[in-house]
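Fold and contact review
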Amino acid sequence: MTARMFLPMDAAAVAVGADDVAAALLAAAPDITLVRTGSRGLFWLEPLLEVETPEGRIGYGPVSAADVPEILAGGANSLRLGLVERLPFLRRQTRLTFSRCGVVDPRSLDDFRAHGGFVGLARALSLGPAGTVDEVAASGLRGRGGAGFPTGIKWKTVAGTVAPQKYIVCNADEGDSGTFSDRMIMEGDPFALIEGMTIAGFSVGATKGYIYIRSEYPHAIAAFADAVRIARAAGYLGANVMDGGFAFDIEVRVGAGAYVCGEETALLDSIEGKRGQVRPKPPLPAHEGLFGKPTVINNVISLATVPTILANGAAAYKDLGMGRSRGTMPIQLAGNVRFGGLFETAFGVTLGELVEDIGGGTSTGRLVRAVQVGGPLGAYFPPALFDTPFDYEAFAARDGLIGHGGIVVFDDRVDMLAQARFAMEFCAIESCGKCTPCRIGSTRGVEVLDRIRRGEKSDANRAVLADLCNTMKFGSLCALGGFTPYPVMSALTHFPEDFAPPPRVAAE
Ligand SMILES: Cc1cc2nc3c(=O)[nH]c(=O)nc-3n(C[C@H](O)[C@H](O)[C@H](O)COP(=O)(O)O)c2cc1C
Ligand code: SF4
């Protein structure tokens, strides 16, 4: 058999045996061409092996090394999924940022170019720096790291600040629970991110970029560092990018495991070699950022989306979405969910469609009781609020946030008081210590929740908890202390029975 096959080298696929499958394939059929790709994001089917045919790629999954002989013999019908692109989970998506992820060889520039790579950068060169910033602004793109700040405005501010040196910083700390989209891009389509960072550098006049990747992502660090070397050797980074007469290069920095170092100013301190602590604003990083110089800080997905916006035009991107949430969002379904993975779609899809329909409910088959949206600082939503559309403003109106697009699903056995306590404990552990409401408030929060758990003065302690959350929300310097009240208060508001004095009735 001299077929061409595709198998992810993505950390999620490797964790469930993709490397064993690769070894078994190459041992049994040394003649095949095995392309190691990123993941398509259908995690329940990993390792997902794809076999090239004249009709398209036929998928098999989840495959183990023991299944390899049968697949090579043309059998294994129980694992055969048909044409991968026709799988409903993929067909229902609008894949723009993730169009190449799981499709191309992430270390092949030829593959990248053959699938539309560098078209966006070429258009940026033809538009010029100011025209490129205008195009990004016109697309309506908002930062995908959590705060949803308009990317075009950020770039305009840095472009308009005069300085001998400016920087692009890519935030790849991806600390939110249940999120993995940054990792998937770095492992599955790293040249897209390099292209996006380069466009940002060209637009604002920055010659140097840093990417700050969390140390828990060894596969992403290796894949991205390889891609930087390959791009540099081919003239896509360096002194004269694409012969366009401008310089841009990228340096990889590895974090050390602090959630707060994902906050943009703590991240800058960390790159500068200091302990990661939040800086008061002003000055904005756009005016005085890394090493005191004007700096664009953007999330991986924000930057990796820019090439597709430039390639297809701002209007095409802006056409998608709802309200002020334009374009697509890579939503990550995690926790106790049947079809976990990455689902890129236009804003506006409801939470219920995502959890019950696309995600298929819980993997345990029990009822969904709560979902946490937006990472550890995001609110818990009960099914009664599943009509909430995925949109920054709609979530804010219900005291929630979409953050980096992570959804973590819990079934009817979840203890919401324990979840609230976890939020306070997480904040206490991860607090940078700079301000009192967060540093002290979170520890007091754990104590108050423990008193509620023991049934001590329940009403009075619930009132103290609400008061404490109010102080943290309005008195904290950054969103770690400021947003911890979201999971706590949403748990208390939507699941008051879990905060009642004992005995409480738990689900079977
Ligand atoms: C405690 C805390 C942790 C954060 N962690 C991340 C992170 O891991 N990745 C990220 O992109 N943004 C994170 N952010 C948001 C960043 O501060 C910043 O808004 C983002 O990097 C800006 O990029 P964007 O405009 O492209 O979203 C965090 C913010 C806070 C307060
Ligand atoms: S809210 Fe917490 S993490 Fe943020 S600056 Fe204050 S102490 Fe540091």
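Shown above is the structure to which this text applies.
Reading the values: rules and limits
- Residues numbered from 1 in each chain as written.
- Chains lettered and ligands numbered in written order.
- Predicted model: local features only at pLDDT ≥ 70, side-chain atom pairs only at ≥ 80, totals over all residues.
- Heavy atoms only, no water.
- Buried < 20%, exposed > 50% of the residue type's maximum accessible area, 1.4 Å probe, protein only.
- Helix = DSSP H or I, 4+ residues; strand = E, 2+ residues; numbered from the N terminus.
- Polar contact = N/O pair within 3.5 Å; in protein donor to acceptor, adjacent residues only side chain to side chain.
- Core = buried A, V, L, I, M, F, W, Y, C linked by side-chain atoms within 4.5 Å.
- Contact = heavy atoms within 4.5 Å.
- Near = heavy atom within 4 Å.
- 1 Å grid on protein atoms, 1.4 Å probe; cavity = no way out; pocket = protein on both sides within 12 Å on 5 of 7 lines; lining within 4 Å.
- Sits in = over half its atoms within 2 Å of the grid points.
- Nonpolar A, V, L, I, M, F, W, Y, C, P; charged D, E, K, R; others polar.
- Axes fitted to C-alpha atoms, helices over the stretch in contact; angles between N-to-C directions.
- Parallel < 35°, antiparallel > 145°, perpendicular 65-115°, else oblique.
- Left-handed = near helix turned anticlockwise from the far one by under 90°.
- Areas by Shrake-Rupley, 256 points an atom, 1.4 Å probe, with all protein chains shown as cover.
- Points joined across faces, edges and corners; volume = space filled by probe spheres on them.
- Salt bridge = Lys/Arg side-chain N within 4 Å of Asp/Glu carboxyl O.
- Phe/Tyr/Trp six-rings, centres within 6.5 Å; stacked < 30°, edge-to-face > 60°.
- Lys NZ or Arg CZ within 6 Å of the ring centre and 35° of its normal.
- Pairing = 2+ DSSP bridges.

**Thoughts on helix 12 (residues 300–312)**
The buried fraction of helix 12 amounts to 11 of the 13 residues, a majority that puts the element mostly inside the structure. Buried within helix 12 are the following residues: Val-300, Ile-301, Ser-302, Leu-303, Ala-304, Thr-305, Val-306, Pro-307, Thr-308, Ile-309 and Leu-310. Of the residues flanking the start of helix 12, the one acting as N-cap is Asn-299, its side-chain oxygen 2.8 Å from the backbone nitrogen of Ile-301.

**Topic: the nonpolar core**
Counting 56 residues, the largest nonpolar core has Trp-155, Leu-193 and Phe-224 as the members making the most contacts within it. No other element matches helix 9 (residues 190–204), which puts 9 residues into this core. Setting aside anything within four residues of it in sequence, one finds Trp-155 in contact with Val-133, Val-136, Ile-199, Ala-200, Ser-203, Val-204, Val-296, Asn-298, Leu-303 and Val-306. Among the nonpolar cores identified, the runner-up in size contains 35 residues, and Val-414, Cys-427, Val-446 and Leu-480 belong to it.

**Brief notes about the site of ligand 2**
Ligand 2 sits among 13 residues. The nearest are Cys-432, Lys-434, Cys-435, Cys-438 and Cys-478. Most atoms of ligand 2, that is more than half of them, are within 2 Å of grid points of the largest cavity. Grouping the amino acids of the shell around ligand 2 by side-chain chemistry returns 8 nonpolar, 4 polar and 1 charged.

**Looking at the packing of helix 8 (residues 181–188) against helix 10 (residues 218–233)**
The packing of two helices is summarised by the inter-axis angle and the distance between the axes. Contact pair helix 8 / helix 10: the axes reach a minimum separation of 7 Å and the direction vectors enclose 40°. Put simply, helix 8 runs oblique to helix 10. Like other packed secondary-structure pairs, helix 8 and helix 10 cross with a definite hand, here left-handed. On the side of helix 8, the interface is formed by Arg-183, Met-186 and Glu-187, while helix 10 contributes His-219, Ala-220, Ala-223 and Phe-224. Looking at the contact of helix 8 with helix 10 residue by residue, the classes come out as 4 nonpolar, 1 polar and 2 charged.

**Comments concerning the site of ligand 1**
Around ligand 1, the surrounding shell holds 19 residues, and the nearest of these are Gly-145, Asn-171, Asn-298, Asn-299 and Ser-302. At a separation of 2.8 Å, an oxygen atom of ligand 1 approaches a polar side-chain atom of Asn-298. Protein chains shield 91% of the accessible area of ligand 1, which is 610 Å² for the free molecule. Listing elements by their share of the shell around ligand 1, those giving two or more residues are strand 9 (295–299) and helix 20 (479–483). No other element matches the 3 residues that strand 9 contributes to the shell around ligand 1. Of the residues belonging to the shell around ligand 1, the class tally is 4 nonpolar, 9 polar and 6 charged.

**Here's the deal with empty space enclosed by the protein**
Under the criterion given, the structure shown has 2 cavities of 30 Å³ or more. Space inside the largest cavity adds up to approximately 70 Å³. Lining the largest cavity are 13 residues, with Val-278, Cys-432, Cys-435, Cys-438 and Cys-478 positioned closest to its centre. Roughly 30 Å³ of internal volume is contained in the second largest cavity. Taken together, Phe-6, Leu-7, Pro-8, Thr-37, Gly-38, Arg-40, Leu-48, Glu-50 and Gly-102 form the lining of the second largest cavity. Its residues placed into classes, the lining of the second largest cavity shows 4 nonpolar, 3 polar and 2 charged.

**So, the pattern of salt bridges**
If you walk through the whole model with that rule in mind, you get 35 salt bridges. The salt bridge involving Glu-251 is made with Arg-253; its shortest N-O contact spans 3.0 Å. With relative accessibility at 28%, the residue Glu-251 sits in the partly exposed group.

**Some words on the layout of surface pockets**
Within this model, the second largest pocket holds a volume of roughly 360 Å³. Lining the second largest pocket are 20 residues, and of these Arg-40, Arg-57, Glu-85, Ser-99 and Val-103 lie nearest its centre. Mapped onto the lining of the second largest pocket, the elements with two or more residues apiece are strand 1 (4–8) and strand 4 (56–60). For the lining of the second largest pocket, the per-class residue count stands at 8 nonpolar, 3 polar and 9 charged.

**Re the environment of Arg-279**
Tracing the backbone through its elements, the reader meets Arg-279 in the loop between helix 11 (264–271) and strand 9. Discounting residues that sit within four places of it in the chain, Arg-279 has contacts with Thr-265, Leu-268, Asp-269, Glu-272, Glu-288 and Gly-289.

**Comments concerning the packing of aromatic side chains**
Scanning the entire structure with this criterion turns up 18 aromatic pairs. Judged by centre distance (4.9 Å) and plane angle (80°), the ring pair of Phe-112 and Phe-118 falls under edge-to-face. As far as burial versus exposure is concerned, Phe-112 and Phe-118 are alike and both buried. An aromatic cluster is present here, built from Trp-44, Phe-89, Phe-339 and Phe-343 joined pairwise through their rings. A cation sits over an aromatic face here: Arg-57 above Phe-6, 3.4 Å from the ring centre.

**Details of the sheet that holds strand 4**
Overall, mixed pairing links the 5 strands, which are arranged 2-1-3-4-5 in an open sheet. Lying at the two open borders of the sheet, with one neighbouring strand each, are strand 2 (33–37) and strand 5 (80–83). Strand-to-strand twist across the sheet, computed as the mean angle between neighbouring axes with direction ignored, equals 25°. Inspection of the sheet shows strand 4 paired to strand 5 by 3 bridges, in the antiparallel sense. When the sheet's bridge partners are listed, Gly-59 is paired in strand 5 with Gly-82.

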